[in-house]
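Observations on the three-dimensional arrangement
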Amino acid sequence: MTLQQSRRLQSLLLGTLAWAIAILIFFPIFWMVLTSFKTEIDAFATPPQFIFMPTLENYLHINERSNYFSFAWNSVVISFSATALCLLIAVPAAYSMAFYETQRTKGTLLWMLSTKMLPPVGVLMPIYLLAKSFGLLDTRIALIIIYTLINLPIVVWMIYTYFKDIPRDILEAARLDGATLWQEMVRVLLPIAKGGLASTVLLSLILCWNEAFWSLNLTSSKAAPLTALIASYSSPEGLFWAKLSAVSTLACAPILIFGWISQKQLVRGLSFGAVK
(Lines give C-alpha, C1' and ligand atoms only; values in the text may rest on other atoms or scores of the structure.)
Protein backbone atom coordinates (compact mmCIF):
# COMPACT_ATOMS: atom_id res chain seq x y z
CA MET A 1 0.00 0.00 0.00
CA THR A 2 1.39 3.36 -1.05
CA LEU A 3 1.56 6.39 1.23
CA GLN A 4 -1.23 8.11 -0.71
CA GLN A 5 -3.53 5.09 -0.38
CA SER A 6 -2.72 4.85 3.32
CA ARG A 7 -3.70 8.49 3.81
CA ARG A 8 -6.95 7.98 1.89
CA LEU A 9 -7.80 4.94 4.01
CA GLN A 10 -7.02 6.86 7.19
CA SER A 11 -9.18 9.77 6.02
CA LEU A 12 -12.02 7.37 5.18
CA LEU A 13 -11.82 5.68 8.59
CA LEU A 14 -11.76 9.01 10.41
CA GLY A 15 -14.70 10.26 8.35
CA THR A 16 -16.68 7.10 9.07
CA LEU A 17 -15.90 7.37 12.78
CA ALA A 18 -16.96 11.02 12.81
CA TRP A 19 -20.27 10.20 11.10
CA ALA A 20 -20.89 7.32 13.52
CA ILE A 21 -20.32 9.58 16.53
CA ALA A 22 -22.53 12.30 15.01
CA ILE A 23 -25.36 9.84 14.36
CA LEU A 24 -25.02 8.44 17.88
CA ILE A 25 -25.25 11.93 19.39
CA PHE A 26 -28.11 13.04 17.12
CA PHE A 27 -30.18 9.86 17.48
CA PRO A 28 -31.93 10.85 20.76
CA ILE A 29 -33.07 14.11 19.15
CA PHE A 30 -34.24 12.24 16.04
CA TRP A 31 -36.14 9.73 18.19
CA MET A 32 -37.74 12.52 20.23
CA VAL A 33 -39.00 14.26 17.08
CA LEU A 34 -40.18 10.96 15.62
CA THR A 35 -42.08 10.04 18.79
CA SER A 36 -43.78 13.44 18.87
CA PHE A 37 -45.70 12.48 15.71
CA LYS A 38 -46.90 9.15 17.13
CA THR A 39 -50.00 8.32 19.10
CA GLU A 40 -49.53 7.23 22.69
CA ILE A 41 -50.19 3.62 21.66
CA ASP A 42 -47.51 3.75 18.97
CA ALA A 43 -45.09 5.48 21.36
CA PHE A 44 -45.39 2.56 23.84
CA ALA A 45 -45.27 -0.13 21.14
CA THR A 46 -42.71 -2.91 21.61
CA PRO A 47 -40.60 -3.30 19.55
CA PRO A 48 -40.41 0.39 18.55
CA GLN A 49 -42.09 1.23 15.26
CA PHE A 50 -40.27 3.23 12.62
CA ILE A 51 -43.16 3.02 10.17
CA PHE A 52 -46.41 4.51 11.46
CA MET A 53 -49.18 6.95 10.57
CA PRO A 54 -47.98 10.40 11.69
CA THR A 55 -50.36 12.65 13.59
CA LEU A 56 -50.39 16.21 14.92
CA GLU A 57 -52.71 15.47 17.84
CA ASN A 58 -49.91 15.87 20.39
CA TYR A 59 -49.08 19.39 19.20
CA LEU A 60 -52.78 20.30 19.08
CA HIS A 61 -53.17 19.01 22.64
CA ILE A 62 -50.26 21.16 23.82
CA ASN A 63 -51.77 24.23 22.14
CA GLU A 64 -55.15 23.57 23.78
CA ARG A 65 -53.79 22.79 27.23
CA SER A 66 -51.21 25.55 27.64
CA ASN A 67 -49.99 28.76 26.05
CA TYR A 68 -46.71 27.65 24.53
CA PHE A 69 -45.70 31.13 23.40
CA SER A 70 -46.01 32.50 26.95
CA PHE A 71 -43.54 29.88 28.25
CA ALA A 72 -41.27 30.43 25.23
CA TRP A 73 -41.27 34.21 25.76
CA ASN A 74 -40.30 33.72 29.40
CA SER A 75 -37.39 31.51 28.31
CA VAL A 76 -36.24 34.11 25.77
CA VAL A 77 -36.42 37.03 28.20
CA ILE A 78 -34.75 35.15 31.06
CA SER A 79 -31.99 33.56 28.95
CA PHE A 80 -31.01 36.70 27.03
CA SER A 81 -31.25 38.97 30.08
CA ALA A 82 -29.12 36.65 32.22
CA THR A 83 -26.56 36.31 29.43
CA ALA A 84 -26.37 40.08 28.92
CA LEU A 85 -25.95 40.64 32.66
CA CYS A 86 -23.22 37.95 32.72
CA LEU A 87 -21.31 39.75 29.97
CA LEU A 88 -21.60 43.13 31.68
CA ILE A 89 -19.95 41.67 34.77
CA ALA A 90 -17.62 39.13 33.16
CA VAL A 91 -15.94 41.30 30.50
CA PRO A 92 -14.47 43.88 32.95
CA ALA A 93 -13.60 41.10 35.42
CA ALA A 94 -11.84 39.00 32.78
CA TYR A 95 -10.09 42.10 31.41
CA SER A 96 -8.65 43.04 34.79
CA MET A 97 -7.51 39.48 35.54
CA ALA A 98 -6.04 38.90 32.07
CA PHE A 99 -4.08 42.14 31.67
CA TYR A 100 -3.52 43.20 35.29
CA GLU A 101 -2.75 39.82 36.80
CA THR A 102 -1.75 39.60 40.46
CA GLN A 103 -0.72 36.81 42.79
CA ARG A 104 -4.35 36.27 43.76
CA THR A 105 -5.72 36.01 40.21
CA LYS A 106 -5.32 32.25 39.84
CA GLY A 107 -6.74 31.64 43.30
CA THR A 108 -9.75 33.84 42.52
CA LEU A 109 -10.43 32.00 39.28
CA LEU A 110 -10.19 28.62 40.99
CA TRP A 111 -12.52 29.81 43.75
CA MET A 112 -15.06 30.99 41.20
CA LEU A 113 -14.91 27.66 39.40
CA SER A 114 -15.23 25.74 42.67
CA THR A 115 -18.66 27.29 43.24
CA LYS A 116 -19.94 25.19 40.33
CA MET A 117 -19.22 22.08 42.41
CA LEU A 118 -21.81 23.07 45.01
CA PRO A 119 -25.04 21.06 44.50
CA PRO A 120 -27.98 23.44 43.86
CA VAL A 121 -30.19 21.64 46.38
CA GLY A 122 -27.71 22.65 49.09
CA VAL A 123 -28.66 26.32 48.76
CA LEU A 124 -32.27 25.87 47.69
CA MET A 125 -33.82 26.72 51.08
CA PRO A 126 -31.94 30.00 51.74
CA ILE A 127 -32.44 31.22 48.16
CA TYR A 128 -36.12 30.29 48.26
CA LEU A 129 -36.58 32.19 51.55
CA LEU A 130 -34.72 35.22 50.17
CA ALA A 131 -36.88 35.23 47.03
CA LYS A 132 -40.00 34.95 49.19
CA SER A 133 -38.88 37.76 51.51
CA PHE A 134 -38.24 40.15 48.59
CA GLY A 135 -41.43 39.14 46.75
CA LEU A 136 -39.52 37.58 43.84
CA LEU A 137 -41.18 34.16 43.74
CA ASP A 138 -42.62 33.35 40.32
CA THR A 139 -40.89 36.35 38.73
CA ARG A 140 -38.44 36.61 35.86
CA ILE A 141 -36.13 38.79 37.94
CA ALA A 142 -35.46 35.96 40.39
CA LEU A 143 -34.47 33.54 37.63
CA ILE A 144 -32.36 36.18 35.85
CA ILE A 145 -30.38 36.80 39.04
CA ILE A 146 -29.96 33.09 39.78
CA TYR A 147 -28.98 32.19 36.20
CA THR A 148 -26.47 35.04 36.14
CA LEU A 149 -24.84 33.89 39.36
CA ILE A 150 -24.60 30.21 38.40
CA ASN A 151 -23.22 30.89 34.90
CA LEU A 152 -20.91 33.77 35.78
CA PRO A 153 -17.88 31.58 36.75
CA ILE A 154 -17.92 29.76 33.40
CA VAL A 155 -18.41 32.98 31.43
CA VAL A 156 -15.55 34.71 33.26
CA TRP A 157 -13.26 31.72 32.71
CA MET A 158 -14.01 31.55 28.98
CA ILE A 159 -13.59 35.27 28.35
CA TYR A 160 -10.43 35.31 30.50
CA THR A 161 -8.99 32.52 28.33
CA TYR A 162 -9.75 34.42 25.12
CA PHE A 163 -8.32 37.67 26.47
CA LYS A 164 -5.11 35.91 27.55
CA ASP A 165 -4.50 34.89 23.92
CA ILE A 166 -4.55 38.52 22.75
CA PRO A 167 -1.02 40.02 22.54
CA ARG A 168 -0.43 42.85 24.99
CA ASP A 169 1.40 44.79 22.29
CA ILE A 170 -1.91 45.57 20.58
CA LEU A 171 -3.32 47.20 23.71
CA GLU A 172 -0.06 49.05 24.39
CA ALA A 173 -0.13 50.45 20.86
CA ALA A 174 -3.68 51.68 21.43
CA ARG A 175 -2.60 53.38 24.67
CA LEU A 176 0.30 55.10 22.88
CA ASP A 177 -2.22 56.44 20.36
CA GLY A 178 -4.11 58.03 23.22
CA ALA A 179 -6.94 55.52 23.64
CA THR A 180 -8.78 55.68 26.94
CA LEU A 181 -9.63 52.55 28.94
CA TRP A 182 -13.16 52.51 27.52
CA GLN A 183 -11.92 52.96 23.93
CA GLU A 184 -9.30 50.28 24.48
CA MET A 185 -11.95 47.75 25.49
CA VAL A 186 -14.71 48.70 23.03
CA ARG A 187 -12.70 49.56 19.90
CA VAL A 188 -9.69 47.25 20.25
CA LEU A 189 -10.23 44.36 22.64
CA LEU A 190 -13.85 43.37 21.97
CA PRO A 191 -13.59 43.37 18.13
CA ILE A 192 -10.54 41.10 18.32
CA ALA A 193 -12.24 38.70 20.74
CA LYS A 194 -15.69 38.80 19.11
CA GLY A 195 -15.41 35.16 18.00
CA GLY A 196 -14.70 34.04 21.56
CA LEU A 197 -17.44 36.30 22.92
CA ALA A 198 -19.93 34.85 20.44
CA SER A 199 -19.21 31.29 21.54
CA THR A 200 -19.44 32.38 25.20
CA VAL A 201 -22.82 34.01 24.57
CA LEU A 202 -24.11 30.90 22.82
CA LEU A 203 -22.94 28.62 25.64
CA SER A 204 -24.50 30.88 28.27
CA LEU A 205 -27.80 30.96 26.36
CA ILE A 206 -27.86 27.17 26.14
CA LEU A 207 -27.13 26.80 29.86
CA CYS A 208 -29.85 29.30 30.78
CA TRP A 209 -32.34 27.78 28.34
CA ASN A 210 -31.82 24.26 29.68
CA GLU A 211 -31.78 25.11 33.40
CA ALA A 212 -34.66 23.27 35.06
CA PHE A 213 -33.94 22.97 38.79
CA TRP A 214 -34.42 26.62 39.69
CA SER A 215 -37.29 27.22 37.29
CA LEU A 216 -39.25 24.36 38.87
CA ASN A 217 -38.61 25.55 42.44
CA LEU A 218 -38.92 29.32 42.05
CA THR A 219 -41.76 29.63 39.52
CA SER A 220 -45.27 28.29 39.13
CA SER A 221 -47.10 29.97 36.25
CA LYS A 222 -46.36 33.65 35.50
CA ALA A 223 -42.58 33.40 34.98
CA ALA A 224 -42.34 29.68 34.18
CA PRO A 225 -40.03 28.95 31.20
CA LEU A 226 -40.19 26.01 28.79
CA THR A 227 -38.41 23.66 31.19
CA ALA A 228 -41.33 24.05 33.60
CA LEU A 229 -43.76 23.35 30.75
CA ILE A 230 -41.95 20.09 29.97
CA ALA A 231 -42.08 19.01 33.62
CA SER A 232 -45.84 19.64 33.72
CA TYR A 233 -46.34 16.67 31.37
CA SER A 234 -45.04 14.30 34.03
CA SER A 235 -48.11 13.34 36.07
CA PRO A 236 -48.95 10.80 38.82
CA GLU A 237 -50.77 8.80 36.15
CA GLY A 238 -47.47 8.22 34.37
CA LEU A 239 -45.47 9.63 31.49
CA PHE A 240 -47.23 10.39 28.21
CA TRP A 241 -44.26 9.81 25.93
CA ALA A 242 -45.79 11.16 22.72
CA LYS A 243 -47.00 14.42 24.30
CA LEU A 244 -43.78 14.73 26.32
CA SER A 245 -41.75 14.32 23.13
CA ALA A 246 -43.87 16.93 21.36
CA VAL A 247 -43.45 19.56 24.07
CA SER A 248 -39.72 18.73 24.32
CA THR A 249 -39.36 19.22 20.57
CA LEU A 250 -41.05 22.61 20.80
CA ALA A 251 -38.78 23.54 23.70
CA CYS A 252 -35.57 22.44 21.96
CA ALA A 253 -36.39 23.81 18.50
CA PRO A 254 -35.65 27.55 19.14
CA ILE A 255 -32.24 26.99 20.74
CA LEU A 256 -31.29 24.36 18.14
CA ILE A 257 -32.15 26.76 15.32
CA PHE A 258 -30.23 29.56 17.02
CA GLY A 259 -27.24 27.26 17.50
CA TRP A 260 -27.35 26.18 13.86
CA ILE A 261 -27.40 29.80 12.69
CA SER A 262 -24.53 30.70 15.04
CA GLN A 263 -22.34 27.67 14.34
CA LYS A 264 -19.72 29.68 12.41
CA GLN A 265 -19.24 32.04 15.35
CA LEU A 266 -19.14 29.09 17.73
CA VAL A 267 -16.43 27.25 15.79
CA ARG A 268 -14.46 30.46 15.36
CA GLY A 269 -14.68 31.15 19.08
CA LEU A 270 -13.69 27.63 20.12
CA SER A 271 -10.64 27.78 17.85
CA PHE A 272 -9.71 31.34 18.92
CA GLY A 273 -6.06 31.45 19.90
CA ALA A 274 -5.36 27.91 18.70
CA VAL A 275 -3.11 29.18 15.90
CA LYS A 276 -0.83 32.15 16.39
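Computed from a predicted model, the values in this text were never measured in an experiment.

Once that is clear, we can look at the overall build of the chain. Within the chain one finds 14 helices and two strands. For the chain, whose C-alpha radius of gyration is 23 Å, the value lies well above the compact-globule estimate of 19 Å for 276 residues. Along the first, second and third principal axes, the C-alpha atoms of the chain reach 75 × 70 × 30 Å. Residues counted as buried form 36% of the 276 residues belonging to the chain. In the chain, 78% of the contacts between residues at least 6 apart in sequence involve partners at least 24 apart. Surface exposure of the chain reaches about 17000 Å², of which carbon and sulfur atoms provide 70%.

Let us look at the side chain of N151. Checked against the element boundaries, N151 lands in helix α7 (residues 140-164). Excluding anything up to four places from it in sequence, N151 contacts C86, K116, S204, L207 and C208.

Attention now moves to helix α4 (residues 68-99). In an α-helix, one turn spans 3.6 residues; hence positions three or four apart end up facing the same way. Taking 1.5 Å per residue, 32 residues should reach 46 Å; α4 reaches 46 Å between its end C-alpha atoms and fits that length. Helix geometry: α4 is bent most strongly at A90, by close to 25°, with proline P92 lying one to four residues after it.

Summed over the entire model, instances satisfying the criterion amount to three salt bridges. Its salt-bridge partner being R175, residue E184 comes within 3.0 Å of it at the nearest N-O pair. For R175, a relative accessible area of 35% gives the class partly exposed.

With a phi angle near 60°, D138 is a residue other than glycine that sits in the positive phi range. One can find D138 in the loop between α6 (124-133) and α7. In this structure D138 comes out as buried when scored by relative accessible area, which is 13%.

With that settled, the discussion passes to the nonpolar core. Note that soluble globular proteins tend to have their nonpolar side chains buried in a common cluster. Counting residues in hydrophobic clusters, the biggest one holds 24 residues, and the most contacted among them are Y95, F99, V156, I159, F163 and L189. Elements with a contribution of two residues or more to this core: α4, α5 (105-114), α7, α8 (168-176) and α9 (181-192). When residues in this core are grouped by element, the largest group, eight residues, is from α4. Setting aside chain neighbours within four positions, we find V156 in contact with A90, A94, M97, L109 and M112. Counting residues in each nonpolar core, the second largest holds 17 residues, with W209, A228, A246 and A251 among its members.

Now for the state of the cysteines. Following the criterion strictly, the structure yields zero disulfides and no others. Free of any disulfide, C208 has its nearest neighbouring cysteine sulfur in C86, separated by 6.3 Å. For C208, a relative accessible area of 3% gives the class buried.

A few words now on the environment of R187. Relative to the helices and strands, R187 resides in helix α9. Residue classification places R187 among the exposed positions, given a relative accessible area of 64%. In the structure, R187 is positioned 107 residues away from F80 in sequence and 23 Å away in space, judged by C-alpha atoms.

The subject of this paragraph is the packing of helix α3 (residues 57-65) against helix α13 (residues 241-261). At a closest axis distance of 9 Å, the pairing of α3 and α13 adopts a crossing angle of 70°. By the angle between their directions, the pair α3 and α13 is classed as roughly perpendicular. Facing α3, whose interface residues are N58, Y59, H61 and I62, α13 presents A242, K243, A246, V247, T249 and L250. Tallied by class, residues from the contact of α3 with α13 come to six nonpolar, three polar and one charged.

Inspection of the secondary structure puts A93 in helix α4. Since its relative accessible area comes to 26%, A93 is described here as partly exposed.

On the UniProt side, "transmembrane region" (unreviewed entry) is annotated at positions that read residues 12-34, 71-97, 109-129, 141-163, 184-207 and 240-261 here. Segment residues 109-129 splits into 57% helix and 0% strand. End C-alpha atoms: 29 Å apart. Between the first and last C-alpha atoms of residues 184-207 the distance is 30 Å; the span itself is 96% helix and 0% strand.

Residues F26, F27, F30, F50 and I51 make up a contiguous nonpolar surface patch of roughly 580 Å² in combined accessible area. Within the element layout of this structure, F26 appears in helix α1 (residues 3-36).

Reading guide: rules and limits
- Residues numbered from 1 in each chain as written.
- Predicted model: local features only at pLDDT ≥ 70, side-chain atom pairs only at ≥ 80, totals over all residues.
- Heavy atoms only, no water.
- Helix = DSSP H or I, 4+ residues; strand = E, 2+ residues; numbered from the N terminus.
- Rg over C-alpha atoms; globule rule 2.2 N^0.38 Å.
- Buried < 20%, exposed > 50% of the residue type's maximum accessible area, 1.4 Å probe, protein only.
- Contact = heavy atoms within 4.5 Å.
- Areas by Shrake-Rupley, 256 points an atom, 1.4 Å probe, with all protein chains shown as cover.
- Expected span 1.5 Å × (residues − 1).
- Bend = angle between axes of the 7 residues up to and from the residue.
- Salt bridge = Lys/Arg side-chain N within 4 Å of Asp/Glu carboxyl O.
- Core = buried A, V, L, I, M, F, W, Y, C linked by side-chain atoms within 4.5 Å.
- Disulfide = S-S within 2.5 Å.
- Axes fitted to C-alpha atoms, helices over the stretch in contact; angles between N-to-C directions.
- Parallel < 35°, antiparallel > 145°, perpendicular 65-115°, else oblique.
- Nonpolar A, V, L, I, M, F, W, Y, C, P; charged D, E, K, R; others polar.
- UniProt positions renumbered as here; feature names shortened; annotations may be inferred.
- Patch = residues over 30% accessible without salt bridge, like charges linked within 9 Å, V, L, I, M, F, W, Y side chains within 5 Å.

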